[in-house]
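The lines below spell out each chain.
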Amino acid sequence: MTVVGRFAPSPTGPLHAGSLVAALASWLDVRARATQARWLVRIEDADTERCQSGMGELILQQLAACGLLPDEAPVWQTRRTALYDAALSQLQQAGLAYPCGCTRKEIDEALARQGVAHTRHGERVYPGTCRDGLHGKKARAWRFAATKFQGASGPLRWTDRRLGEQQQDVASEVGDFVLKRADGPWAYQLAVVVDDAQQGITDVVRGEDLADNTARQILLQRALGLPTPRYLHTPLVLAADGNKLSKQNGAAAIDTGSPEAAQAELAAAARVLGLSGDDRAAWVAQWRALYPDAR
Ligand code: GLU
């Protein structure tokens, strides 16, 4: 079977030590496979409000300076919106997508009325306010009818190649999540599911902070009749404040000013992945030993 992996950065800033870990891990996972394997790069600029111009190009240059070269021309989500439109129509026709007119404030008020004050990781659990219609409001977003689709099937279970057995009850822990803002960008969840399937991705390797999205994505794959890839979530690089390293807590761009600097950045990323030495061939062999289920 042909193995296809990908690195899918959002161009919200340059590559930093944390994002390089995900890039290297997905590359190693492909290189550890049979000869037919392919490694792709997708610039996830669908959420246009968070992206910065020029960053996609910069990330591609940084990857090239590290010798991480995709096996096909990179794709950009903003050039693929027809695919997301088609997926949304499919869900609408199946009665699995509906418009929602609620503001954040209205959602908070509805949660308070239901006595559910909680949010999950700072995100509101959607209380289902527009599930039965817009109540005269103007549509602000399209939501996936996760609650209806999940039905009585209970929590969704999946296996991560590093983290092991996982489960999430999307209906109660997340609720009907957003697919698209009415006049705005496509949501990550829909775009990533459509792209992974359309590009034939067999293995998703990405940072552990994204593991929590996986159940939502598997539910969407099922609703759209798409295959589910295998998932492996990598360790995160932590900032001095103990949080995941990100642009917000001062992550610096990796130094690719010279081949030696780029190699040092790669070696640091390899250490986060539990690999030792400086040599790519050795990392590939160690990766294969760490994740022997590599096909
Ligand atoms: N674009 C996402 C990010 O940079 C990653 C998406 C994914 O790998 O599924 O956080």
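Look a little higher up for the structure.
What comes next is a walk through the structure. (Residues numbered from 1 in each chain as written. Predicted model: local features only at pLDDT ≥ 70, side-chain atom pairs only at ≥ 80, totals over all residues. Heavy atoms only, no water.)

1. Remarks on the site of the ligand
- Around the ligand, the neighbouring residues are Arg6, Ala8, Pro9, Ser10, Glu44, Tyr188, Val192, Arg206 and Leu210.
- Within the backbone of alanine 8, one N or O atom sits 2.7 Å away from a nitrogen atom of the ligand.
- In the model, a nitrogen atom of the ligand is placed 2.8 Å from a nitrogen or oxygen of the serine 10 side chain. (Near = heavy atom within 4 Å. Polar contact = N/O pair within 3.5 Å; in protein donor to acceptor, adjacent residues only side chain to side chain.)

2. Concerning the pattern of salt bridges
- Taken as a whole, this structure holds 19 salt bridges when the rule is applied.
- With a shortest N-O distance of 3.6 Å, arginine 42 and aspartate 195 are connected by a salt bridge. Of this pair, arginine 42 sits in strand 2 (residues 38-43) while aspartate 195 sits in helix 7 (residues 188-198), placing them 153 residues apart in sequence. Neither residue differs from the other here; arginine 42 and aspartate 195 are each classed as buried. (Salt bridge = Lys/Arg side-chain N within 4 Å of Asp/Glu carboxyl O. Helix = DSSP H or I, 4+ residues; strand = E, 2+ residues; numbered from the N terminus. Buried < 20%, exposed > 50% of the residue type's maximum accessible area, 1.4 Å probe, protein only.)

3. A few points about the state of the cysteines
- What the rule picks out here adds up to zero disulfides.
- Take cysteine 100: it sits in no disulfide, and the sulfur closest to it among the cysteines is that of cysteine 130, at 3.9 Å.
- Of the residues examined, cysteine 100 reaches a relative accessible area of 1% and is grouped as buried.
- Of all cysteine sulfurs in the structure, the one in cysteine 130 sits closest to cysteine 102, which takes part in no disulfide; the separation is 3.6 Å. (Disulfide = S-S within 2.5 Å.)

4. Let's talk about the environment of leucine 224
- Inspection of the secondary structure assignment puts leucine 224 in helix 8 (residues 214-224).
- Its relative accessible area of 7% is what places leucine 224 among the buried residues.
- For leucine 224 and arginine 104, which are 120 residues apart along the polypeptide, the C-alpha to C-alpha distance reads 28 Å.
- With residues up to four places along the chain from it excluded, the contact list for leucine 224 reads Ala87, Gln90, Leu91, Leu190 and Val193. (Contact = heavy atoms within 4.5 Å.)

5. As for helix 2 (residues 55-65)
- For helix 2, the set of buried residues is Met55, Gly56, Ile59, Gln62 and Leu63. End-on view of helix 2: buried residues confined to an arc of 120 degrees, all on one side of the axis.
- The elements touched by buried residues of helix 2 are strand 1 (4-7), helix 1 (17-31), strand 2 and strand 3 (75-76).
- Positive phi appears at glycine 67, one or two residues downstream of helix 2, with a value of about 75 degrees. (Arc of directions from axis to C-beta.)

6. Describing the nonpolar core
- Counting 41 residues, the largest nonpolar core has Leu91, Phe144, Phe177, Leu179, Leu190 and Leu220 as its most contacted members.
- Elements with a minimum of two residues in this core: helix 3 (81-93), strand 4 (97-100), helix 4 (104-113), strand 8 (156-160), helix 7 and helix 8.
- Considering every element that reaches this core, the biggest residue donor is helix 8, with six residues.
- Sequence-distant contacts of phenylalanine 144, defined by excluding residues within four places in its chain, comprise Leu91, Leu96, Phe149, Asp176, Phe177, Leu179, Leu219, Leu220 and Ala223.
- One finds Ala37, Trp76, Val237 and Val284 within the second-largest nonpolar core, a separate group that totals 40 residues. (Core = buried A, V, L, I, M, F, W, Y, C linked by side-chain atoms within 4.5 Å.)

7. So, the environment of aspartate 176
- When you line up the elements, aspartate 176 lands in the loop between helix 6 (170-173) and strand 10 (178-181).
- On the basis of relative accessible area, aspartate 176 is assigned to the buried category, the value being 1%.
- Here the alpha-carbon distance between aspartate 176 and arginine 131, two residues 45 residues apart in the chain, equals 8.6 Å.
- When sequence neighbours within four positions are dropped, the list of residues in contact with aspartate 176 reads Tyr98, Tyr126, Arg131, Arg143, Phe144, Ala145, Ala146 and Thr147.
- Only 2.6 Å separates the side chain of aspartate 176 from the side chain of tyrosine 98, close enough to count as a polar contact.

8. What about the packing of aromatic side chains?
- Overall, the coordinates contain five aromatic pairs when judged by the stated rule.
- Each ring, one from tryptophan 287 and one from tyrosine 291, has its centre 4.6 Å from the other, and the planes form 50 degrees; the classification is tilted.
- We classify tyrosine 291 as buried; its relative accessible area is 9%.
- Among the aromatic residues, those joined into a cluster by ring pairs are Phe144, Phe149 and Phe177.
- The aromatic ring of tryptophan 27 is capped on one face by arginine 280, whose charged end is 5.4 Å from the ring centroid. (Phe/Tyr/Trp six-rings, centres within 6.5 Å; stacked < 30°, edge-to-face > 60°. Lys NZ or Arg CZ within 6 Å of the ring centre and 35° of its normal.)

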